[in-house]
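Okay, here's what each chain looks like letter by letter:
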Amino acid sequence: MASEAVCVSRAVEELAFAIGRYRLMKGAVTATANAAGGKAAASAAANGAAAASSAGGKKPRPPPPPPPPAIATAGLLIRAAAARVLGLRPGPCGGDMQPIWVTEPGNGKITISLDGSSRSPFPKDATHEALLDAVERAAADLSKANEEIVVFELARGEAESRYGDGIFDGQNTYSGDSLRLAWLPGAALVELPPGWQLCARAGACGKIAFARGAADGKKADTLILAKKKQMTVRFSVEVDAPAAAQDLRGKAPDLEDAQPSDDGSVKVQVEGVDCGELLGLKKEAAAAEAGEAGDEDMVVTAHEVSGKIDYEKLIKQFGSTRITKELLARIEKLTVGKGNVPNLHHWLRREIFFSHRDMEVLCNMLEKGKPFYLYTGRGPSSAAMHLGHLIPFMFTKWLQDAFNVPLVIQLTDDEKFLWKGEYKDETGDNLDHYYGLTMENAKDIIACGFDKKKTFIFSNLDYVGHMYPNIVRIWKAITYNTAKGAFGFVGESNIGQSAFPAIQAAPSFPSSFKVPLGGDDNMCCLIPCAIDQDPYFRVTRDIAHKLVPKTHPLGGKPSLIHAKFFPPLEGAAGKMSASNANSAVYLTDTPEQIQEKVMKHAFSGGQVTAKEQREKGADLDKDVSYQWLRFFLEDDDELARIGTEYGSGTGEYWNTAAVKQRLIVRLQEMVAAHNEKRAKVTDDEVREWMAIRKLEF
């Protein structure tokens, strides 16, 4: 590709520069990668030129050549990154391209429309460099995630009916009865024009570098023009990667998976632009604390988790406390010592739950004979839950048994409707759909084995009236600036989204459960959760004293116990995402599907060749199969044996295939056992668990 560009004639160069901006996703009548397609496109172009000449018009200019696959792929990533940072819809924001790759191989220039940005009012000029930095980082994150880029074809009517108008470039209308669509999981679903090809994976083009600064007497090539509602980025790619071997590949996303990328919300908070101190790591603090290469790649906020996670650093930044051996011994005495459970949970023994807030106070209360209560929840976005969804419930079940305490489980059907709900003139809204998912998800939760006498499951749509006095108090106590900073609200957020955090915070206070908890407003609350959820409850802890009696042992603050992230199958960094079916094992997966997912998608920390594996062993920290066994294989001795053999390249588990097979067996056992229990849970049984009643404790 590069040698061809160098050899192009001066006349073609001048023509290319005269063409001006070129739409990134516009259908160009041009050659495709294969010879037959190339001849067809060339013929079409020639026919068009002849028709124009015969009509007496000017001789039409030939369209610019399509960008190389690496440039086209990088353009898609920049477009998706801009949407995440600037609150855009990846389709309607479009992407005009100047074909500078003709004379400068490996380079591209893209202009994106900011019309429709949910950052309203749009940030001032002084912040634009920070926004551009954030877009470049977001593009780098998408590249590092290295998701498979799915390309599929649908009839135009079917595509629009299934996904809406968000797949189309807002400034172009393309002809043709069928559409080729490109899906970058979790980031963008847009129409791909004929003749354009993408790399197989997002990371194939390597590092995407933005050209910053300006030449003498010229404007910068990478800048934001707020008045024109445009952002222009000149960029280069590290690798001139080829197109994917297959033009059509992968599975089309479900609407539920595609919708979040098209909601136009701001998904990345920008230091110096947003009031984001409550969201997690501050950029300056992360840079000051960084002690080794790659640390700066870690992102942990209430909205985003990516990169290699340094949990010690998270403890320092969030201000939580590591679970010490002394605290574990105290917990063991209060649980195992009383005969409630046979052993400490293996997630505590293996430091998967590793951090806490105020667990010592809860131990003090138990030693005085005063119980606390547990609070957890689930947003019912689909009928199918995956194993990552079950982890908080599995651990909460152990906590209930171990401490012999009551539990409230909030099902936020209102939240899912506020963020994902739809309204159609013909059928109305789909609020009842999410209420139906609540019933289905409740069956999976009940199948985890909770004590019915001590457990109250509730739908917000049913129970919110009982919590309303506390919700009003929370609304009064939290300023909107604090809420914007903590939860990322923007001008386009609906008022229900802005109001919802108070509904999620209300179960932290025992007065929200006058009947189930018996009216004891001094009870403490323990919330098990992944550590990225800590910022939500930090806001609650800040205002908690306003909702409880002065005699409350913690001043109303909920206690928390934090888990490490459950890694996706395709890589141990970050956490599992429901938007990528290949990253998760669902409770509805068949044994064959489980085996295929693990064997095909579970990232291996083993060596490239058998000889190297025998000599060096596997990297257990990177190997997803081993990490999943840390979660799901309870036998410490067996896990230690697998780790020793796999890590040294010896014994029965010396290679990746053997470890994957052990994981497959364990997952198949778990899913089968869970589904057997779930099948026994009827709708009437769910209603009994959701009945407002005094819990027995």
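For the structure given in this document, a descriptive report is provided here. Since we're looking at a predicted model, the values are computed, not measured.

On to the overall build of the protein. From N to C terminus, the protein includes 25 helices and 20 strands. Burial analysis of the protein (697 residues in total) assigns 51% to the buried set. A separation of at least 24 residues holds for 77% of the contacts in the protein among residues at least 6 apart in sequence. In the form shown here, the protein has an accessible surface area of approximately 30,800 Å², with 51% of it arising from carbon and sulfur atoms.

Turning next to the pairing of strand β15 (residues 407-411). The buried fraction of β15 is high, at five of five residues. Every second residue of β15 is oriented toward a common face, with Leu407, Ile409 and Leu411 on one face and Val408 and Gln410 on the other, all of them buried. Inspection of the sheet shows strand β14 (residues 373-378) paired to β15 by five bridges, in the parallel sense. Along β15, the bridge assignment pairs Gly377 with Gln410. Between the parallel pair β14 and β15, the chain is carried across by helix α13 (residues 387-403), and the sense of this crossover is right-handed. The pairing of β15 with strand β18 (residues 455-459) spans five bridges and is classified as parallel.

So, about the sheet that holds β14. On the basis of which strands lie adjacent, the open sheet formed by seven strands has the order β12-β13-β20-β19-β14-β15-β18 and mixed pairing. In this open sheet, the two strands that pair with only one neighbour each are β12 (321-322) and β18. Pairing of β12 with strand β13 (residues 353-357) involves two bridges; the strand directions are antiparallel. In the strand pairing of β13, Thr321 is matched with His356.

Looking now at the nonpolar core. By size, the foremost hydrophobic cluster in this structure holds 75 residues, and its most contacted members are Leu348, Phe372, Leu387, Trp628, Phe632 and Leu667. Looking at this core element by element, the count peaks at nine residues for α13. Aside from chain neighbours lying at most four places away, what touches Phe632 is Leu387, Ile391, Met394, Phe566, Arg666, Leu667 and Met670. Counting residues in each nonpolar core, the second largest holds 51 residues, with Ile71, Ala83, Leu142 and Phe235 among its members.

Here the focus is the side chain of Arg662. Relative to the helices and strands, Arg662 is located in helix α24 (residues 656-678). In this structure, Arg662 is in contact with Leu629, Leu633, Glu638, Ile642 and Tyr653, ignoring residues within four places of it in sequence.

Attention now moves to the pairing of strand β9 (residues 230-237). Counting buried residues in β9 gives six out of eight residues, a clear majority hidden from the surface. Where strand β3 (residues 107-113) and β9 come together, seven bridges link them in antiparallel fashion. In the strand pairing of β9, Ile112 is matched with Met231. Here three bridges tie strand β7 (residues 208-210) to β9, and the two strands are oriented antiparallel to one another. Bridge pairing links Ala209 to Ser236 in β9. Bridge count between strand β8 (residues 223-225) and β9: three bridges; the pairing is antiparallel.

In this section: the environment of Ala188. Counting through the fold element by element, Ala188 comes out in strand β6 (residues 188-192). Sequence spacing of Ala188 and Arg84 is 104 residues, and the spatial spacing of their C-alpha atoms is 9.6 Å. In this structure Ala188 touches Leu76, Ala80, Pro90, Ala182, Trp183 and Ser261, once residues within four positions along its chain are discounted.

This paragraph deals with helix α5 (residues 128-145). Spanning 18 residues, α5 covers 26 Å between terminal C-alpha atoms, matching the ideal 26 Å at 1.5 Å per step. Taken residue by residue, α5 has His128, Leu131, Leu132, Ala134, Val135, Ala138, Ala139, Leu142 and Ser143 as its buried positions. Tucked into the core, α5 has its buried residues touching α4 (69-86), β5 (178-184), β7, β8 and β9.

Turning next to the pattern of salt bridges. For the structure shown, the criterion picks out 35 salt bridges. Between Asp115 and Lys229 there is a salt bridge, and its shortest N-O distance comes to 3.6 Å. Of this pair, Asp115 sits in the loop between β3 and α5 while Lys229 sits in the loop between β8 and β9, and the two are 114 residues apart along the sequence. Look at Asp115 and you get exposed, because its relative accessible area is 51%. Under the relative-accessibility criterion, Lys229 is labelled partly exposed at 42%.

Under the counting rule described, the total for this entry stands at zero disulfides. We note that Cys205 lacks a disulfide partner, and the nearest cysteine sulfur, in Cys199, lies 6.1 Å from it. With no disulfide of its own, Cys525 has Cys524 as its nearest cysteine by sulfur position, at a separation of 8.8 Å. Given the relative accessible area of 1%, Cys525 is considered buried.

The rules we used
Residues numbered from 1 in each chain as written. Predicted model: local features only at pLDDT ≥ 70, side-chain atom pairs only at ≥ 80, totals over all residues. Heavy atoms only, no water. Helix = DSSP H or I, 4+ residues; strand = E, 2+ residues; numbered from the N terminus. Buried < 20%, exposed > 50% of the residue type's maximum accessible area, 1.4 Å probe, protein only. Contact = heavy atoms within 4.5 Å. Areas by Shrake-Rupley, 256 points an atom, 1.4 Å probe, with all protein chains shown as cover. Pairing = 2+ DSSP bridges. Right-handed = clockwise from strand over helix to strand, strands pointing away. Core = buried A, V, L, I, M, F, W, Y, C linked by side-chain atoms within 4.5 Å. Expected span 1.5 Å × (residues − 1). Salt bridge = Lys/Arg side-chain N within 4 Å of Asp/Glu carboxyl O. Disulfide = S-S within 2.5 Å.

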